[in-house]
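Descriptive structure summary
Okay, here's what each chain looks like letter by letter:
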Amino acid sequence: MMFLFILAGIGLGVLIYYIVSVILWINLDCDVELFIKSKFGKKISSLEGKVVWITGASSGIGKSLALLLAKNGVKLALSARRLDELQKVKEDCLLNSRGKLKEKDILSLRMDVLEMEKHGEIFERVLKHFGRLDILVNNAGRSQRASWLDIDLEVDRAIFELNVLSPVNLSRIVARYFIENGIEGHIAVNASMAALIPIPNMSSYIAAKSAINGYFHALRVEYPQIKNTVYCVGPVFTNIQLEAFTAEANQKCGKPTPPTDKRLTSEKAAFYFAVAIANATSLNWAGLFPFTFLTYLARYPAILDFAMKFTDFSLIRKNEKQGK
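Everything in this summary refers to the structure shown in the same document. Values in this document were obtained by computation on a predicted structure and should not be read as measured data. (Residues numbered from 1 in each chain as written. Predicted model: local features only at pLDDT ≥ 70, side-chain atom pairs only at ≥ 80, totals over all residues. Heavy atoms only, no water.)

**A look at a nonpolar patch on the surface**
- A surface patch of nonpolar side chains, amounting to about 770 Å² of accessible area, comprises Met2, Phe5, Ile6, Ile10, Val14, Tyr17 and Tyr18.
- Using a relative accessible area of 52% as the deciding quantity, one classes Ile10 as exposed. (Patch = residues over 30% accessible without salt bridge, like charges linked within 9 Å, V, L, I, M, F, W, Y side chains within 5 Å. Areas by Shrake-Rupley, 256 points an atom, 1.4 Å probe, with all protein chains shown as cover. Salt bridge = Lys/Arg side-chain N within 4 Å of Asp/Glu carboxyl O. Buried < 20%, exposed > 50% of the residue type's maximum accessible area, 1.4 Å probe, protein only.)

Written out as structure tokens, the structure is:
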């Protein structure tokens with residue numbers, strides 16, 4: 001009889017655990033671990049004084065992350081193709097730091113991440129300026145809007161060059177620097193929730209982000225002394241849709257994000273990214289319902305397949321067809 005009571009108690013505990021979990025999955029705008037870290041983990045201010053290099057820092061999440069880190073006294077190397085926009089970000093970062101950072105504490109670097117032969121040279125400029133690097137944040141990248149059947153193979157190649165091979169190449173250069181100098185460094189990548197759950201009209205992008213996840217998980221296993229963080233963010237209010245790949249080479253989507261979309265702000269997305277970096281977590285995600293909920297269900301493929309049948313992606317398709 002006692003055994004049955006114990007068994008019933010365990011069963012009740014498991015049931016309560018999953019009920020609470022599902023409630024959190026539905027209501028939180030990030031995964032449970034990241035939510036807890038944001039409340040009780042290391043503060044973003046713990047990164048003060050560190051040197052952080054952010055690629056793709058001229059707009060979107062990269063810009064918002066730079067502003068947030070500057071506010072917390074983090075020294076920044078900011079790179080992007082548009083040097084004029086980077087200079088504006090630098091000025092805003094200095095204002096945001098409220099005296100914690102000086103002009104020399106923020107370095108602007110014109111960088112096209114596709115020019116991989118120049119990665120080493122640009123990294124040397126970062127080291128020459130600051131004398132060290134503590135954290136690399138791979139943020140540069142482009143999304144996609146295209147039907148699976150219509151995509152030209154050249155688009156697949158271009159997406160993988162930009163979203164996979166480029167950050168892998170840069171990360172290897174930085175990882176070797178960490179290893180050779182005995183530095184407990186940290187490499188982070190802004191991946192995508194699309195790598196964790198299927199989303200229509202983004203197949204090449206999904207594949208690329210899945211690949212970058214795999215590369216970084218392998219790095220964690222092979223070189224555990226290097227901290228690495230994979231941050232998978234869902235839909236965010238940025239210009240990402242304007243710049244997104246389509247089915248054809250040398251073409252951009254060119255459609256703004258509809259204001260009626262249900263998305264995180266770039267500031268909130270950057271906040272959770274910064275929390276993940278400060279706490280050196282391995283894999284986290286952020287986004288609004290139903291994306292966070294579906295991401296958890298992805299751990300249970302049969303349940304996810306069932307839930308996807310009732311998930312309405314029609315608004316996404318409708319907005320794209322109407323050019324909104």
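**A few points about helix α6 (residues 153-180)**
- Its 28 residues place the ends of α6 38 Å apart at the C-alpha level, agreeing with the 40 Å of an ideal helix rising 1.5 Å per residue.
- Helix geometry: α6 is bent most strongly at Glu161, by close to 40 degrees.
- Sitting at the amino-terminal end of α6 is Asp152, which places a side-chain oxygen 2.8 Å from the backbone nitrogen of Glu154.
- Count one or two residues on from α6 and you reach Gly182, which has phi positive near 60 degrees. (Helix = DSSP H or I, 4+ residues; strand = E, 2+ residues; numbered from the N terminus. Expected span 1.5 Å × (residues − 1). Bend = angle between axes of the 7 residues up to and from the residue. Polar contact = N/O pair within 3.5 Å; in protein donor to acceptor, adjacent residues only side chain to side chain.)

**Here's the deal with unusual backbone geometry**
- For the bond running from Phe289 to Pro290, omega is 10 degrees, close enough to zero to count as cis.
- By the element assignment, Pro290 lies in the loop between β9 (283-286) and α10 (291-297).
- For Asn201, which is not a glycine, the phi torsion comes out positive at approximately 65 degrees.
- One non-glycine residue, Asn250, lies in positive phi territory at about 60 degrees.
- According to the relative accessible area criterion, Asn250 is exposed, its value standing at 86%.

**Quick look at the nonpolar core**
- Ranked by size, the top nonpolar core spans 52 residues in total, and within it Trp53, Phe123, Val126, Leu133 and Ile187 carry the most contacts.
- Listed by contribution, the elements that provide at least two residues to this core are β1 (51-55), β3 (106-110), α5 (119-130), α6, β5 (186-190), α7 (203-222), β6 (227-233) and α10.
- Ranked by residue count, the leading element in this core is α6, at 10 residues.
- Excluding its chain neighbours within four sequence positions, the residues that come into contact with Leu133 are Val51, Val52, Trp53, Phe123, Val126, Leu127, Val174, Tyr177 and Phe178. (Core = buried A, V, L, I, M, F, W, Y, C linked by side-chain atoms within 4.5 Å. Contact = heavy atoms within 4.5 Å.)

**Let's talk about the packing of aromatic side chains**
- A complete count under the given rule lists eight aromatic pairs for this structure.
- Consider the rings of Tyr177 and Phe178, whose centres lie 5.6 Å apart with planes at 50 degrees: the pair is tilted. Here the two residues Tyr177 and Phe178 agree in accessibility, since each one is buried.
- Summarising the aromatic geometry, the rings of Trp285 and Tyr296 are spaced 5.0 Å apart at their centres and angled 75 degrees between planes, so their arrangement reads as edge-to-face. Linking Trp285 in strand β9 with Tyr296 in helix α10, this pair joins segments that are 11 residues apart in sequence. The exposure classification of Trp285 matches that of Tyr296, with both residues buried.
- Taken together through their ring pairs, the aromatic side chains of Trp53, Phe123, Tyr177 and Phe178 make up a single cluster. (Phe/Tyr/Trp six-rings, centres within 6.5 Å; stacked < 30°, edge-to-face > 60°.)

**A few points about the packing of helix α2 (residues 32-40) against helix α9 (residues 266-278)**
- One way to put it is that α2 packs onto α9 with a least axis distance of 10 Å and a crossing angle of 80 degrees. With respect to their mutual orientation, α2 and α9 come out roughly perpendicular. Side by side, α2 and α9 meet where Leu34, Lys37 and Ser38 of the first sit next to Phe271, Tyr272, Val275 and Ala276 of the second.
- Residue composition of the contact of α2 with α9, grouped by class: five nonpolar, one polar and one charged. (Axes fitted to C-alpha atoms, helices over the stretch in contact; angles between N-to-C directions. Parallel < 35°, antiparallel > 145°, perpendicular 65-115°, else oblique. Nonpolar A, V, L, I, M, F, W, Y, C, P; charged D, E, K, R; others polar.)

**So, the sheet that holds β5**
- Taken in spatial order, the seven strands line up as β3-β2-β1-β4-β5-β6-β9 in an open sheet, and their pairing is parallel. Lying at the two open borders of the sheet, with one neighbouring strand each, are β3 and β9. Sheet twist, expressed as the mean angle between neighbouring strand axes with direction ignored, is 15 degrees.
- Of the strands in this sheet, β1, β4 (135-138) and β5 touch α6, which is tilted by about 175 degrees from β4.
- Sheet strands touched by α7: β4, β5, β6 and β9. Its angle to β6, the strand with the most contacts, is close to 160 degrees. (Pairing = 2+ DSSP bridges.)

**Notes on the packing of α5 against α6**
- Viewed as axis vectors pointing N to C, α5 and α6 meet at an angle of 45 degrees, and their least axial separation amounts to 10 Å. Considering their axes alone, α5 and α6 lie oblique with respect to each other. Here α5 and α6 pass one another in a crossing that is right-handed. On α6, the residues touching His119, Gly120, Phe123 and Leu127 of α5 are Ser166, Asn169, Leu170, Ile173, Val174 and Tyr177.
- Residue composition of the contact of α5 with α6, by class: six nonpolar, four polar and no charged. (Left-handed = near helix turned anticlockwise from the far one by under 90°.)

**Points about the environment of Thr229**
- If you trace the backbone, Thr229 turns up in strand β6.
- We classify Thr229 as buried; its relative accessible area is 0%.
- Placed 13 residues apart in sequence, Thr229 and Phe216 show a C-alpha to C-alpha distance of 7.9 Å.
- A polar contact is formed between the side chain of Thr229 and the side chain of His186, at a distance of 2.9 Å.

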